[in-house]
Amino acid sequence: MKSAFKKLPSGKHSIDAGLLFAVTLCAAISTLLIYSITHNKVLETVGSSYWKTQAFSMAVGVVAAVIISFIDYRKLVKLWVIFVPLSLGLMALTFTSLGYRREGADDQAWLNLGFIQFQPSELAKGAVILAEAQILSAMQTVDGADRHAFKYILIVSIPILFLIGVENLSTAGLLFLTILIMMYIGRVPKKLLLRTLGILALGAAVGIASIMLLGHSEDEKIEANDKMVLTEHVEGEQRKSAFEKIFHRFDTWKARIEKFADTREITPEEVDLDKDAQVAHANIAIASSNVIGKGPGNSVERDFLSQAFSDFIYAIIIEEMGIVGAFVVCLLYIVLLFRTATIANRCANAFPALLIMGFALLLVTQAMFNMCVAVGLAPVTGQPLPLVSKGGTSTIVNCIYIGVILSVSYTAKRKDEPDTPKKKKVALATA
């Protein structure tokens, strides 16, 4: 066990205080907000268990982060060989009877093993970042990363991106964005990246066209349901093609695209609070904040907004704490990213720098996307706010990412650090 901890010269390294402060404040805001949101008249019977679950997940995550922060990050280098195939296997199981449908959502991204329920995609995201950091660092040359690094990264990433994308397209998209940014930071040839962006743009256009053609609108679904009344439900299920069973999310994606692209002005009388409840109540929460907010614990829309403690928690932050509170929360993620970049810039080796930047980008891109959804700048996708929204697997895994970043800040060799006497002797002998 002792070998896992790197012995550091006294006074040389320390845990990054700015990063630690930002993460601690996020955890405090999360605990208080979820307590406030779930202890209301709608959730009075289950609110206590929600809050206790979040407090437990946060406590486990913090303990894991503290332990990992003092472990030498180099112990992680080859773990991607285990985590990548393990992630693929676990995600494949979500398409079997072990797949678990989360309450209030129509995805099947959870795995139910009886004694535990978790999201394999959370493990998969970390595995991809770990593998990419290792590939990029191992294939660095004087002129940048070897062009073959691009191919190896895609070989590792594409199967995971596909399995995540079938059930949660936005998660796959954010992960792919992080992968591309990491390749840019890792100095992958720009021609390859530009070519990839071109293919991606073409693929996105084809994908959106396919969704709009193959997906069913609300009216079409109602008509189809009326027809199904005339036949047996079992026969209807048997008539479904394998394509329809795998890509059952097309209807959801089409509805979200149509809602986001609809720029018509809607009068208050036309708003359907049953059909567009999340967006409508989120808008009400933001509009009723009156800039300064209603004060902690005084949210009204928490009683009506589905997933107020998860996907739309940022709307509740605005309602209770106003523009200032919203700005502070946004600033915390910016601090996280910039402090991580500072730590990465100090690293003498490429692997720790790329690893922590990948983890930070995962958290920050998801956070910014969640905020955009809450304020109506992006279509609804079901992305939680990292380190703030209620979560079990995601909360613990996100804390582990923070632990790795803190570990690098504490244990990684820095550029301005002199070589050890042993390394100097070897260098002299070689010379």
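Our subject is the structure listed above.
Residues numbered from 1 in each chain as written. Predicted model: local features only at pLDDT ≥ 70, side-chain atom pairs only at ≥ 80, totals over all residues. Heavy atoms only, no water.

## Notes on the overall build of the protein
Inference 1: Counting secondary structure elements, the protein contains 16 helices and 5 strands.
Inference 2: Within the span of the protein, comprising 431 residues, buried residues form 44% of the whole.
Inference 3: Within the protein, counting contacts between residues at least 6 apart in sequence, those at least 24 apart form 73% of the total.
Inference 4: Here the protein displays about 22600 Å² of accessible surface, and carbon together with sulfur accounts for 66% of that area. (Helix = DSSP H or I, 4+ residues; strand = E, 2+ residues; numbered from the N terminus. Buried < 20%, exposed > 50% of the residue type's maximum accessible area, 1.4 Å probe, protein only. Contact = heavy atoms within 4.5 Å. Areas by Shrake-Rupley, 256 points an atom, 1.4 Å probe, with all protein chains shown as cover.)

## Considering helix α1 (residues 17–38)
Inference 1: For α1, built from 22 residues, the straight-helix expectation of 32 Å at 1.5 Å per residue is met to within 8% by its first-to-last C-alpha distance of 32 Å.
Inference 2: L19, A22, V23, C26, A27, I29, S30, L33, I34, S36, I37 and T38 are the residues of α1 that are buried. (Expected span 1.5 Å × (residues − 1).)

## Quick notes on the pattern of salt bridges
Inference 1: Within the structure shown, the criterion is met by 3 salt bridges.
Inference 2: R74 is paired through a salt bridge with D72; the nearest N and O atoms lie 2.7 Å apart.
Inference 3: D72 gets classed as buried once you look at its relative accessible area, which sits at 6%. (Salt bridge = Lys/Arg side-chain N within 4 Å of Asp/Glu carboxyl O.)

## Thoughts on the side chain of S69
Inference 1: Tracing the sequence through the fold places S69 in helix α2 (residues 47–69).
Inference 2: Residues within four places of S69 in sequence aside, it is in contact with I15, G403, L406, S407 and Y410.

## Quick word on a nonpolar patch on the surface
Inference 1: Together, V324, F327, V328, L331, I334 and F338 make up a nonpolar patch on the protein surface, roughly 560 Å² of accessible area in all.
Inference 2: Among the structural elements, F338 can be located in helix α13 (residues 313–346). (Patch = residues over 30% accessible without salt bridge, like charges linked within 9 Å, V, L, I, M, F, W, Y side chains within 5 Å.)

## Some points on unusual backbone geometry
What you tend to see is this: most non-glycine residues have negative phi, and most peptide bonds are trans.
Inference 1: Phi is positive for R187, which is not a glycine, with a value near 65°.
Inference 2: With a phi close to 70°, L387 is a non-glycine residue in the positive phi region.
Inference 3: In this fold, L387 is placed in the loop between α14 (350–374) and α15 (393–411).
Inference 4: Of the residues examined, L387 reaches a relative accessible area of 4% and is grouped as buried.

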